[in-house]
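# Fold and contact review
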Amino acid sequence: MPDILEQLATCIERGKVNAKAPYPPDMKGEEGADELTKKALEMKIPPSQLLEQSLIEGMGRVGKKFSEHKVFVPDLLMAARAMSAAMEHLKPFFESGEARHIGTFVIGTVEGDLHDIGKNLVAMVMEGGGWKVIDLGVDVPPAKFMEALEENPDAVVGLSALLTTTMASMEKTVKLIKENKPNTFVIVGGAPLTEGFAHKIGADAYGEDPQSALNQLSAAAS
Ligand code: B1M
């Protein structure tokens, strides 16, 4: 792998956004995801290689450490920022079709629930994993998920719930999706959930954390 790809993967993993960014302190003054992505594109490294070997690789490393409780929410947020800085340079290639997303992921926090921190982390890690993310926000009624599926028929759906009371709206949402689009892959997650609950309500998968959601969806897509 060219050195620049490994350097860029490290910037994503460590959350080094650009040369001016003071974080992380041990990388102060070094080039970050912003400059290195630009340089790699100038070196004619294909955007898809950049995406897979640097951006997805870096986010994968930090996501795995998060699952293992070796890093925490702020580390994941900084990694996502570095990822966004890199993605700004890759956007034109996605728009032209030169680079492709793995698939489309529609995510939202279910109706009645306003918690979005975990949902946002899942969205960031999925984006970092090469998925196009459509984030419907919080307090999303079941019908709004269906609307998103009408517009993106091949999308997979992620539902988040943080309240025991809103687990019921999660069940309602899964039911509506499965009744109307039985082939849609649905993954659910959130602190009060269990794998058993996910299966009971008819979801296809339970994501314990963002990385586990990414791994399961990427496996289902391949
Ligand atoms: Co609320 N709240 N809250 N709250 N809040 C909890 C969840 C609670 C456990 C606190 C408590 O009582 N100890 C409790 C729920 C009890 C229950 O039902 N079992 C609770 C309550 C009761 C409430 C209110 C009802 C309080 C009130 O008004 N009386 C109210 C409800 C409002 C509503 O939603 N309608 C309420 C409001 C709020 C705030 C608005 C103040 C704020 C939310 C701000 C926001 O999200 N923008 C808030 C917060 C911050 C919390 C706590 C403190 C933190 C939640 C959080 O962000 N955790 C929480 C207590 C706690 O957890 N210590 C609490 C960090 C986040 C990274 O973790 O969301 O679990 P989490 O996401 C994880 C995984 O679950 C997973 O990945 C993430 C990363 O590992 N994951 C997925 C999540 N979604 C996934 C989807 C996937 C896969 C994985 O696939 C699709």
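Report on the accompanying structure. Treat the numbers as computed from the prediction; the structure is a model and nothing was measured.

Definitions and limits used
- Residues numbered from 1 in each chain as written.
- Predicted model: local features only at pLDDT ≥ 70, side-chain atom pairs only at ≥ 80, totals over all residues.
- Heavy atoms only, no water.
- Donors = N, O, S within 2.8 Å, 3.2 Å for Na, K, Ca; no water.
- Helix = DSSP H or I, 4+ residues; strand = E, 2+ residues; numbered from the N terminus.
- Pairing = 2+ DSSP bridges.
- Axes fitted to C-alpha atoms, helices over the stretch in contact; angles between N-to-C directions.
- Contact = heavy atoms within 4.5 Å.
- Salt bridge = Lys/Arg side-chain N within 4 Å of Asp/Glu carboxyl O.
- Buried < 20%, exposed > 50% of the residue type's maximum accessible area, 1.4 Å probe, protein only.

Next up on the list: the coordination of the cobalt atom of the ligand. Protein coordination of the cobalt atom of the ligand is limited to a single donor, H115 (NE2), which sits 2.2 Å from the metal. Structurally, H115 can be placed in the loop between strand 1 (104–109) and helix 5 (117–128).

The next point concerns the sheet that holds strand 5 (residues 205–207). Spatially, 2-1-3-4-5 is the arrangement adopted by the five strands of the open sheet, whose pairing is parallel. Pairing within the sheet leaves two strands with one partner each, and these edge strands are strand 2 (132–135) and strand 5. For this sheet, the mean inter-axis angle between neighbouring strands, taken without regard to orientation, is 25 degrees. Summarising the sheet, strand 3 (residues 156–160) and strand 4 (residues 186–189) pair through four bridges and their orientation is parallel. Directly across from S160, in strand 4, lies its bridge partner G189. Its contacts with the sheet place helix 9 (residues 210–221) against strand 1, strand 3, strand 4 and strand 5, and it is angled at close to 150 degrees to strand 5.

The subject of this paragraph is the pattern of salt bridges. Under the criterion given, the structure shown has 12 salt bridges. Among the salt bridges present, the one from R61 reaches E13, with a minimum N-O distance of 3.2 Å. Taken together, the residues span a long stretch of sequence, with R61 in helix 3 (residues 47–67) and E13 in helix 1 (residues 3–14) at a distance of 48 residues. Judged by its relative accessible area of 21%, R61 falls in the partly exposed class. Between E31 and K39 there is a salt bridge, with the nearest N and O atoms lying 2.9 Å from each other.

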